[in-house]
Amino acid sequence: MKKSVEAYTLEDRKKHIVVKEKNKEQGIKCDQHSISGAVSQRACVYCGARVVLNPITDAVHIIHGPIGCSSYTWDIRGSLSSDSEMYRNSFSTDLQERDIIFGGEKKLAGAIDEIVESMSPQTIFVYSTCVVGVIGDDLDAVCKQAEKKYNIRVIPVKSSGFAGSKKDGYQAACNAIISLMDDKEYKIDIKDHRTLNYLGDFNLAGEVWILNNYFKEIGVNMITGVTGDSTIEKLKKAQNASFNIVQCAGSSIYLAKMMEERFKIPYEQVSFFGIQDTANSLLNVARLTGDKKIIRDTEVFIKQKKADIASILQKYKEKCAGKKVAIYVGGGFKAISLIKQFNELGMTTVMVGTQTGRQEEYDTIKELAEEGTVILDDTNPTELQKFIKEKGADLLVGGVKERPLAYKLGIAFIDHNHERKLPLLGFEGAVNFAKEVDLTVNSPVWNLVREG
Amino acid sequence: MLENTPKEITKRSALVVNPAKTCQPIGAMYAALGIHGCLPHSHGSQGCCSFHRMHLTRHFRDPIVASTSSFTEGACVFGGKSNLKKGLETVFEIYNPDVVAVNTTCLSETIGDDLTEIIRDTKIPEGKHVIYANTPSYYGSHVNGFSNMTKAIVSHLVNDEKIIENGKLAIIPGYVEPSDMSEVKRILKLIGIPFIMFPDTSEVVNTPNTGKYEMYPDGGVTVDEIKDLGNCEATVAMGKFASEAAAFELEKKSDVEAHTIKVPLGIKATDDMIMKFLELTGKSIPKELETERGQLVDIMVDIHNHYHGKKVAIFGDPDIVIAMTEFAISLGLIPTSILTGTPGNAFEKQINEMLEQAGIEDAKVKASGDLMDLHQWIKNEPVDMLIGNTYGKYIARAENIPLVRLGFPILDRVGHSYFPSVGYKGAMRIIEKISTAFLDKYDMECAEEDFELVM
Ligand code: SF4
Ligand code: SF4
């Protein structure tokens with residue numbers, strides 16, 4: 001008995017899909033909870049919080065809950081550290097039945113005691129998961145008490161999975177970060193106009209380092225990535241920046257706004273993916289310093305960098321041009337920058353989907369997209385298969401769960417998520433990106449896959 | 001990464017550092033995938049489901065789908081009844097599975113949703129089935145989840161009455177790879193024994209590439225076969241922790257005699273399995289299997305000196321670790337640190353008996369342990385090799401010892417879902433891995449004058 005699943009599309013889902021047509025007002029339904037029974041690709045609040053906070057390298061991250069939530073997030077994100085590796089360990093209270101019945105506060109306090117005794121950390125983040133939200137443990141109280149007892153920071157992160165979506169997790173994380181930053185001892189009186197923080201980058205494959213090198217060349221000074229390769233101390237100094245730049249807005253715009261309010265640090269959104277975006281963003285940074293010399297140096301630097309990579313990029317472009325791409329990623333911002341990058345390589349995007357894109361982002365996507373492009377919100381494998389086939393995509397960009405799907409369909413795949421191994425940021429990243437596209441799209445294995 | 005692990009061991013009772021287990025639903029999901037045309041359904045928030053799918057996807061490198069009730073705050077206050085009812089409707093309407101296997105999560109368990117009642121109240125389309133298992137993660141581990149869902153297959157689908165004896169053996173392979181299930185099936189066929197295997201994930205999570213995505217691949221035990229389980233001669237359950245509960249359930253329900261053996265990993269456990277098959281069916285051992293066994297013994301003789309007397313640490317799921325420890329002893333290795341994250345006194349008892357019989361003293365043995373325990377033991381009593389899942393790589397690197405990957409999950413190598421570890425062939429493969437790991441390390445690190453062509 002063999003069934004191939006028809007392209008069933010549930011009525012409810014239809015509003016989450018549009019096909020771009022010229023001069024037509026088209027709205028997409030987004031920003032909503034997945035419907036019950038869907039094979040949704042979405043993650044939870046806790047997952048979102050963990051994404052943002054995990055790269056703080058010298059912190060201990062304790063997951064207060066049953067073991068699973070902690071096991072699945074153990075060292076799965078490729079955030080790199082130049083210093084401590086503490087953050088890569090998995091700490092959990094592994095709640096048991098009796099804790100569920102009698103409450104888990106005691107166990108949490110015990111876990112903090114034990115970790116202080118064996119590893120003497122300076123800062124501990126305590127994440128609550130769904131169950132903790134339901135049994136009603138007073139996280140704040142336990143954390144406060146531990147802070148007093150040990151004279152260290154113990155910061156609660158309220159991230160019960162059911163209370164919203166991944167985005168709410170980002171917010172919970174941002175709240176935790178701002179509470180950490182607000183430390184008067186680290187405040188300096190006169191700010192240097194050349195100092196900035198770089199928000200919304202988690203140093204996957206060392207991307208923060210690439211950008212930091214650029215900054216050194218053009219004469220600006222990065223206090224810290226937030227949170228890529230950050231330490232507690234660096235985050236406390238972040239309040240002294242003259243301005244903030246934000247790469248991944250979905251996760252970090254909220255923090256930027258809070259920092260503006262609390263520390264009077266203005267912010268600007270940037271993107272360092274793709275050559276044009278990188279160049280524009282660097283110039284933007286230079287302008288924000290208001291320093292004529294920096295602006296001039298940046299212009300020279302960009303010119304030089306572009307020249308350095310032009311010939312190699314051209315080679316890749318020749319090999320990749322004309323191929324069709326399907327995109328399915330977490331945030332809308334990333335989708336937008338990917339469309340542009342594929343354009344730079346002469347490739348066409350035929351399908352774009354996101355898990356948590358916002359309305360404005362979908363509007364931009366529609367503007368950028370070619371006629372006939374399918375645009376989706378929070379989709380599932382059946383829909384993905386249908387549109388990939390229909391549109392004849394040669395390449396899918398997605399996350400962990402999409403990789404085997406693409407391979408089964410016999411098309412190439414790129415992970416633009418936390419499993420990427422090569423940095424894709426900046427000028428070097430543009431080359432790596434082209435290289436990865438070429439590596440997969442032009443592999444001989446696809447010739448072996450029979451057409452289904 | 002493990003530079004913070006202190007050598008000095010202090011007692012921990014609240015904190016788990018670097019777990020050697022994960023939660024029940026993922027095991028339940030894996031078991032459910034061993035039913036043909038089955039969609040696992042996670043009754044809880046979407047986050048859990050997403051994590052479980054992601055983890056299985058990483059291990060098998062095949063698309064793993066499951067649906068979820070997608071709890072919101074409302075569900076937590078009013079219960080998840082409407083989410084599940086709506087969820088099941090949606091699932092049958094869009095994804096059209098033969099069977100939906102519902103597992104609970106910590107959240108729905110804590111809220112106290114009564115699955116029996118909810119599902120009784122749900123309209124299930126003609127000819128379709130819903131089975132369910134309670135899988136709270138604050139009890140046990142992923143192995144219990146597997147066991148619970150395997151048992152649920154029996155409770156919910158097997159026909160109550162024995163109609164006619166079907167002359168088959170019911171085989172429960174345990175929480176092993178699809179390749180292991182195929183190997184057990186191959187052995188059964190060689191002996192000429194008719195059987196029904198459940199769950200059977202071969203050709204579900206290691207499907208061939210056809211250029212097409214099948215939501216319900218060819219493999220898996222069918223509902224008709226499951227219904228027929230009550231007519232089997234006897235059940236052979238492999239692995240006490242993962243399989244015994246379902247065998248007992250079948251015995252209780254349909255009077256099919258339950259026999260629990262080890263997961264057939266290693267020469268002795270494979271011998272035991274084959275003896276059990278012969279004993280239950282009166283068949284005799286075919287020439288091919290005798291040859292395979294002879295080849296295995298030959299390899300063991302040829303290279304016993306590569307690893308004799310070396311100390312090993314073994315960790316992972318209890319059924320696998322128990323069998324692997326027995327195998328290690330038969331190879332002349334000395335297991336000195338043996339650990340599972342899954343709770344259960346039976347584990348420690350069985351391992352200690354084996355060690356005692358082999359005259360191995362002062363070994364550390366622990367159930368409900370974590371990898372910080374294991375690392376600290378190794379710091380105090382160094383070993384030459386680590387055998388376990390991918391998570392062992394941190395310790396292997398920190399202590400510069402080779403890791404032989406075995407068990408679940410394996411997130412950084414391929415092959416496990418295509419080549420067996422069970423049976424005589426599987427034993428040969430494990431020996432090859434152990435020997436190669438030692439020799440590769442030696443070749444890279446030995447002094448120039450010790451570097452040899454023939455080893
Ligand atoms: S809440 Fe429970 S079921 Fe969900 S991932 Fe965590 S431990 Fe597993
Ligand atoms: S229990 Fe909640 S917090 Fe944990 S994985 Fe599931 S949805 Fe996320």
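Treat the numbers as computed from the prediction; the structure is a model and nothing was measured.

## Let's talk about the overall build of chain B
Across its full length, chain B carries 17 helices and 14 strands. Here the C-alpha coordinates of chain B stretch approximately 75 × 55 × 45 Å along the principal axes. Counting the 455 residues in chain B, one finds 64% classified as buried. Considering only residue pairs separated by 6 or more positions, chain B has 74% of its internal contacts joining residues 24 or more positions apart. For chain B, the accessible area works out to roughly 16,800 Å², and carbon and sulfur atoms hold 49% of it. Charge centroids of chain B, computed over 44 positive and 62 negative side chains, lie 3 Å from each other.

## Digging into the pairing of strand 12 (residues 374-377) of chain A
Residue and element names in this part refer to chain A. Neither face of strand 12 is open: one carries Val 374 and Leu 376, the other Ile 375 and Asp 377, and all of them are buried. In this sheet, strand 12 lies alongside strand 11 (residues 348-354) in parallel orientation, the contact comprising four bridges. Each bridged residue has a counterpart across the sheet, and for Val 352 the counterpart in strand 12 is Ile 375. Assessed by its sense of winding, the connection that carries the chain from strand 11 through helix 15 (residues 359-368) to strand 12 is right-handed.

## Comments concerning the site of ligand 1
As a matter of local geometry, ligand 1 sits amid Pro 66, Gly 68, Cys 69 and Tyr 72 of chain A together with Cys 23, Pro 25, Cys 48, His 52, Thr 105, Cys 106 and Ser 137 of chain B. Two or more chains meet at ligand 1, and those chains are chains A and B. Broken down by secondary-structure element, the contributors of at least two residues to the shell around ligand 1 are helix 3 (67-71) of chain A together with helix 2 (46-60) of chain B.

## Quick word on the domain arrangement of chain A
Residues and elements named next belong to chain A. Each assigned domain of chain A is listed here: domain 1 (2-30 + 321-420), domain 2 (45-181) and domain 3 (185-302). Placing the centre of domain 1 and that of domain 2 at their C-alpha centroids yields a distance of 34 Å. Listed by partner, the interface residues are four residues for domain 1 and four residues for domain 2. Summed over both partners, the interface of domain 1 with domain 2 buries about 420 Å², with 50% contributed by carbon and sulfur atoms. At the surface where domain 1 touches domain 2, the tally comes to zero salt bridges. Its residues assigned to classes, the side of domain 1 that touches domain 2 shows no nonpolar, three polar and one charged.

## Observations concerning the interface of chain A and chain B
The interface is formed by 78 residues belonging to chain A together with 77 residues belonging to chain B. Of the roughly 7,000 Å² buried at the junction of chain A and chain B (both faces included), carbon and sulfur atoms supply 60%. At the junction of chain A with chain B, the criterion picks out two salt bridges. The residue Asp 62 of chain B makes a salt bridge to Lys 408 of chain A at a minimum N-O spacing of 2.9 Å. Elements supplying a minimum of two residues to the side of chain A that touches chain B: helix 2 (45-53), helix 3, strand 3 (91-92), helix 4 (97-102), helix 5 (105-119), helix 6 (130-135), helix 16 (381-391) and helix 17 (402-409) of chain A. Among the elements that make up the side of chain A that touches chain B, the one with the highest residue count is helix 5 of chain A (eight residues). Grouping the constituent residues of the side of chain A that touches chain B by class yields 36 nonpolar, 24 polar and 18 charged. In this structure, strand 3 of chain A lies alongside strand 1 (residues 16-17) of chain B, joined through two bridges in antiparallel fashion. By the bridge assignment for strand 1 of chain B, Phe 91 of chain A is matched with Val 17 of chain B.

## Structural notes on the layout of surface pockets
Considering only enclosed or pocket space, the largest pocket measures out at about 1,600 Å³ in volume. Considering the residues around the largest pocket, the lining is formed by 49 residues, among which Glu 419 and Lys 421 of chain A together with Arg 61, Leu 411 and Asp 412 of chain B are closest to the centre. The calculated volume of the second largest pocket comes to roughly 510 Å³. Around the second largest pocket, the lining is made up of 24 residues, and of these Arg 12, Ser 13, Val 16, Lys 366 and Ser 368 of chain B lie nearest the centre.

## Details of the site of ligand 2
The full set of residues close to ligand 2 is Cys 44, Tyr 46, Cys 69, Thr 129, Cys 130 and Gly 161 of chain A together with Ser 45, Gly 47, Cys 48 and Phe 51 of chain B. This site is not confined to one chain, since residues near ligand 2 come from chains A and B. Among the elements that take part in the shell around ligand 2, helix 2 of chain B stands out by supplying three residues, more than any other. The residue makeup of the shell around ligand 2, split by class, is six nonpolar, four polar and no charged.

## Some points on the domain arrangement of chain B
All names here are of chain B. Under the domain assignment, chain B is made up of domain 1 (24-157), domain 2 (169-288) and domain 3 (291-449). Here the C-alpha centre of domain 2 lies 23 Å away from the C-alpha centre of domain 1. If you look at the interface, domain 1 gives 33 residues, while domain 2 gives 34 residues. Here domain 1 and domain 2 share an interface that buries about 2,800 Å² over both sides, 69% of which is from carbon and sulfur atoms. Broken down residue by residue, the surface that domain 1 buries against domain 2 is led by Tyr 30, His 36 and Val 154, which jointly contribute 23%.

## Brief notes about the packing of helix 10 (residues 240-254) of chain B against helix 13 (residues 318-330) of chain B
All names here are of chain B. Across the interface, helix 10 lies against helix 13 with an axial gap of 8 Å and an inter-helix angle of 120°. On the basis of the axis angle, helix 10 is oblique to helix 13. Here Lys 240, Phe 241 and Ala 242 of helix 10 come into contact with helix 13, specifically with Pro 318, Asp 319 and Ile 322. Of the residues that constitute the contact of helix 10 with helix 13, the class distribution is four nonpolar, no polar and two charged.

## Side note on the nonpolar core
In terms of nonpolar packing, the biggest core is built from 153 residues, with Phe 125 and Leu 255 of chain A together with Ile 171, Phe 277, Met 324 and Ile 434 of chain B touching the most fellow members. Filtering out sequence-adjacent residues up to four positions away, Leu 255 of chain A remains in contact with Cys 174, Ile 177, Ile 178, Met 181, Leu 199 and Val 226 of chain A. Counting 58 residues, the second-largest nonpolar core is a separate cluster that includes Ile 210, Met 222, Phe 243 and Val 441 of chain A.

## Section: empty space enclosed by the protein
Residues and elements named next belong to chain A. Inspection of every chain in the model, using the stated rule, returns 13 cavities of 30 Å³ or more. If you add up the space inside the largest cavity, you get close to 540 Å³. Lining the largest cavity are 29 residues, with Tyr 170, Phe 202, Cys 248, Gly 331 and Lys 334 positioned closest to its centre. Looking at which element gives the most residues to the lining of the largest cavity, the answer is helix 14 (residues 332-344), with four residues.

## Some points on a negative patch on the surface
Together, Glu 448, Glu 449, Asp 450 and Glu 452 of chain B make up a region of like negative charge exposed at the surface. One can find Glu 452 of chain B in the segment after helix 17 (423-445).

## Observations regarding unusual backbone geometry
Only a minority of non-glycine residues have a phi that is not negative, and only a minority of peptide bonds are not trans. Cis geometry marks the peptide bond from Val 226 of chain A to Thr 227 of chain A; its omega dihedral reads 5°. Relative to the helices and strands, Thr 227 of chain A resides in strand 7 (residues 221-227). Omega for the bond connecting Phe 198 of chain B with Pro 199 of chain B falls within 30 degrees of zero, at -15°, which places this linkage in the cis form. Of note, Pro 199 of chain B is situated in the loop between strand 7 (195-197) and helix 9 (223-227). The phi angle at Asn 18 of chain B is positive, at roughly 55°, despite the residue not being glycine. Tracing the chain through its elements places Asn 18 of chain B in the loop between strand 1 and helix 1 (24-33).

## Brief notes about the pattern of salt bridges
Using the criterion set out here, one finds 43 salt bridges over all chains in the structure. For the salt bridge of Arg 153 of chain A with Glu 147 of chain A, the shortest nitrogen-to-oxygen distance reads 2.8 Å. The class of Arg 153 of chain A is partly exposed, set by a relative accessible area of 26%. Across the salt bridge formed by Lys 441 of chain B and Glu 445 of chain B, the nearest N and O atoms sit 2.9 Å from each other. In this pair, Lys 441 of chain B and Glu 445 of chain B are both assigned in helix 17, four residues apart and thus about one turn of the helix distant. For Lys 441 of chain B, a relative accessible area of 24% gives the class partly exposed. In the salt-bridge network here, residues are joined through shared partners; they are Arg 12, Lys 366, Asp 370 and Asp 373 of chain B.

## Let's talk about the UniProt feature "domain: Nitrogenase/oxidoreductase component" (unreviewed entry) in chain B
If you check UniProt for "domain: Nitrogenase/oxidoreductase component" (unreviewed entry), the listed places come out as residues 23-438 of chain B in our numbering. With 49% helix and 14% strand, residues 23-438 of chain B has end C-alpha atoms that lie 33 Å from one another.

What counts and what doesn't
Residues numbered from 1 in each chain as written. Chains lettered and ligands numbered in written order. Predicted model: local features only at pLDDT ≥ 70, side-chain atom pairs only at ≥ 80, totals over all residues. Heavy atoms only, no water. Helix = DSSP H or I, 4+ residues; strand = E, 2+ residues; numbered from the N terminus. Buried < 20%, exposed > 50% of the residue type's maximum accessible area, 1.4 Å probe, protein only. Contact = heavy atoms within 4.5 Å. Areas by Shrake-Rupley, 256 points an atom, 1.4 Å probe, with all protein chains shown as cover. Lys, Arg positive; Asp, Glu negative; His and termini not counted. Charge placed at Lys NZ, Arg CZ, Asp CG, Glu CD. Pairing = 2+ DSSP bridges. Right-handed = clockwise from strand over helix to strand, strands pointing away. Near = heavy atom within 4 Å. Domains from an automatic or database assignment. Buried area = accessible area lost by both parts, 1.4 Å probe. Salt bridge = Lys/Arg side-chain N within 4 Å of Asp/Glu carboxyl O. Nonpolar A, V, L, I, M, F, W, Y, C, P; charged D, E, K, R; others polar. 1 Å grid on protein atoms, 1.4 Å probe; cavity = no way out; pocket = protein on both sides within 12 Å on 5 of 7 lines; lining within 4 Å. Points joined across faces, edges and corners; volume = space filled by probe spheres on them. Axes fitted to C-alpha atoms, helices over the stretch in contact; angles between N-to-C directions. Parallel < 35°, antiparallel > 145°, perpendicular 65-115°, else oblique. Core = buried A, V, L, I, M, F, W, Y, C linked by side-chain atoms within 4.5 Å. Patch = residues over 30% accessible without salt bridge, like charges linked within 9 Å, V, L, I, M, F, W, Y side chains within 5 Å. UniProt positions renumbered as here; feature names shortened; annotations may be inferred.

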